[in-house]
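Chains, contacts and geometry: an overview
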Amino acid sequence: MSQPVSHEVDANAAEEKPLFSPISTTLSQCPIDNLSLSDASHSTGTTSTPATSTQHSCPYFTQEVDPLLIKNSLDDRIAYLTDFLNFTSRDSEMIRKVAPSVNDVIPGLVDDLYAKLFEFDITKKVFMTRNQGFDGPLPSRLEDLTLDSAQIVFRKVFMKAWARRVLTADYTKGKTWAYMDKVGIMHTGVSPFKHQRTMGIAPLNVPYRDCALTLGLVQNILQTAILSLPVDVATMQEKIDAVSAITKVLWIQNDLFARHYINE
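Below is a summary of the structure that appears in this document. (Residues numbered from 1 in each chain as written. Predicted model: local features only at pLDDT ≥ 70, side-chain atom pairs only at ≥ 80, totals over all residues. Heavy atoms only, no water.)

What follows covers the packing of helix H3 (residues 74-85) against helix H8 (residues 174-185). Running from N to C, H3 and H8 point in directions that differ by 100 degrees, and their axes come no closer than 11 Å. Classified by the interaxial angle, the pair formed by H3 and H8 is roughly perpendicular. Residues Leu-74, Ile-78 and Thr-82 of H3 pack against Trp-177, Ala-178 and Asp-181 of H8. (Axes fitted to C-alpha atoms, helices over the stretch in contact; angles between N-to-C directions. Helix = DSSP H or I, 4+ residues; strand = E, 2+ residues; numbered from the N terminus. Parallel < 35°, antiparallel > 145°, perpendicular 65-115°, else oblique. Contact = heavy atoms within 4.5 Å.)

In structure tokens form, the structure reads like this:
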């Protein structure tokens, strides 16, 4: 499996390009002129297995994915995720296009998100534990914890930073996905950051259930904001494409949470 591509996305390119090299090349076009099955497999450099479509006699090839490799290698996992979701340079381009206009909704997004988390005791209780890097006052009773409490204001700063990064990140860079992977790790009660472990700073410990639900809220708010953009900012087709792109990113982020909670 190839390593992440490090070059910049050509925003003017007419052809959509995968942001990470695909795991293998899937042959799906028919007919394959003057090319035998053995020649086709050799030309792609894969060990894919030919199969026959029930609708026509043209062969197609199934990509082979090593479950252990995508479990242990972030680069290979991202290659699989982006290939499966068809996340391409076009998606990255559409997110960049709407980002300046959608950026203004982030403060309200974060406020709405924390208001929702405060509606349920099981999601509110998470914030009764001192968060990493916070040394301010912390209430001793759940009922004394408010949306204006110092730790909540502190947490909102980091949530806003994550949301802005989703909109502005360079998705051709491995460090973008590494950051998103660390966001997943840090919610499991295990610190991915060396300086936190050295200083004895406790990371967050949030059930995966609530992480996934939170991403669902974020997705809904961002999609609504994109679809509400005026036509002079983005055409309807561009808004549809941007919604599709941001959805793919958030589902990849969801997987980068799940992989640290679910042993598969």
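Still more ground to cover, so stick around.
According to the stated counting rule, one finds eight aromatic pairs in the structure shown. Where Tyr-114 meets Phe-127, the ring centres are 5.4 Å apart and the plane angle is 45 degrees; that geometry is what we call tilted. With a gap of 13 residues between them, Tyr-114 in helix H5 (residues 106-117) and Phe-127 in the loop between helix H6 (121-124) and helix H7 (150-168) connect regions that are remote in the sequence. Residue classification places Tyr-114 among the buried residues on the basis of a relative accessible area of 5%. Looking at Phe-127, the relative accessible area reads 7%, which means it is buried. Of the aromatic side chains, those joined through ring pairs into one cluster are Phe-87, Tyr-171 and Trp-177. The side chain of Arg-165 reaches across the aromatic face of Tyr-179, ending 3.9 Å from its centre. (Phe/Tyr/Trp six-rings, centres within 6.5 Å; stacked < 30°, edge-to-face > 60°. Buried < 20%, exposed > 50% of the residue type's maximum accessible area, 1.4 Å probe, protein only. Lys NZ or Arg CZ within 6 Å of the ring centre and 35° of its normal.)

For the rest of this paragraph, the subject is the nonpolar core. Core analysis: the largest hydrophobic core is formed by 48 residues, its most contacted members being Ile-95, Val-102, Trp-162, Tyr-171 and Val-218. Listed by contribution, the elements that provide at least two residues to this core are H3, helix H4 (89-102), H5, H7, H8, helix H10 (208-227) and helix H11 (236-258). Residue contributions to this core peak at nine residues, all from H11. Setting aside its immediate chain neighbours within four residues, Trp-162 contacts Tyr-179, Val-183, Leu-215, Val-218, Leu-250 and Gln-253. (Core = buried A, V, L, I, M, F, W, Y, C linked by side-chain atoms within 4.5 Å.)

This brings us to the environment of Leu-138. Structurally, Leu-138 is set in the loop between H6 and H7. Look at Leu-138 and you get partly exposed, because its relative accessible area is 25%. Sequence separation of Leu-138 and Gln-151 is 13 residues, and the distance between their C-alpha atoms is 7.0 Å. Not counting residues up to four positions away in its chain, the partners in contact with Leu-138 are Phe-127, Met-128, Thr-129, Arg-130 and Gln-151.

This part is about unusual backbone geometry. In the Ramachandran plot, Asn-86 falls in the positive-phi region, its phi being about 55 degrees despite a non-glycine side chain. The residue Asn-86 is located in the loop between H3 and H4 in this model.

On inspection of all chains with the given rule, the structure shows 11 salt bridges. When the shortest N-O distance is used, the salt bridge between Lys-97 and Glu-238 registers 3.9 Å. With Lys-97 in helix H4 and Glu-238 in helix H11, the pair connects residues that are 141 residues apart, well separated along the chain. A single salt-bridge network, built from bridges that share partners, covers Arg-90, Glu-93 and Asp-241. (Salt bridge = Lys/Arg side-chain N within 4 Å of Asp/Glu carboxyl O.)

Once that is clear, we can look at a nonpolar patch on the surface. A contiguous nonpolar patch, built from Leu-227, Met-236 and Ile-240 and spanning about 280 Å² of accessible area, is present on the exposed surface. Note that Met-236 resides in helix H11. (Patch = residues over 30% accessible without salt bridge, like charges linked within 9 Å, V, L, I, M, F, W, Y side chains within 5 Å. Areas by Shrake-Rupley, 256 points an atom, 1.4 Å probe, with all protein chains shown as cover.)

Mapped onto the elements of the fold, Ile-246 is located in helix H11. Taking the C-alpha atoms as reference points, Ile-246 and Asp-91, separated by 155 residues in sequence, lie 7.8 Å from one another. Not counting chain neighbours up to four residues away, the residues in contact with Ile-246 comprise Ile-95, Val-166, Leu-167, Leu-222, Gln-223 and Ile-226.

Over its 12 residues, H5 runs 16 Å from end to end, which matches the ideal 16 Å to within 8%, given 1.5 Å per residue. Packed against the buried residues of H5 are H4, H6, H7 and H10. (Expected span 1.5 Å × (residues − 1).)

For the rest of this paragraph, the subject is the packing of H3 against H11. Relative orientation of the contacting elements H3 and H11 amounts to 145 degrees, with a least axis distance of 11 Å. Classified by chirality, the crossing of H11 by H3 is right-handed. Only Lys-248, Ile-252, Asp-255 and Leu-256 of H11 make contact with H3, whose side of the interface consists of Leu-74, Arg-77, Ile-78, Leu-81, Thr-82 and Leu-85. Grouping the constituent residues of the contact of H3 with H11 by class yields six nonpolar, one polar and three charged. (Left-handed = near helix turned anticlockwise from the far one by under 90°. Nonpolar A, V, L, I, M, F, W, Y, C, P; charged D, E, K, R; others polar.)

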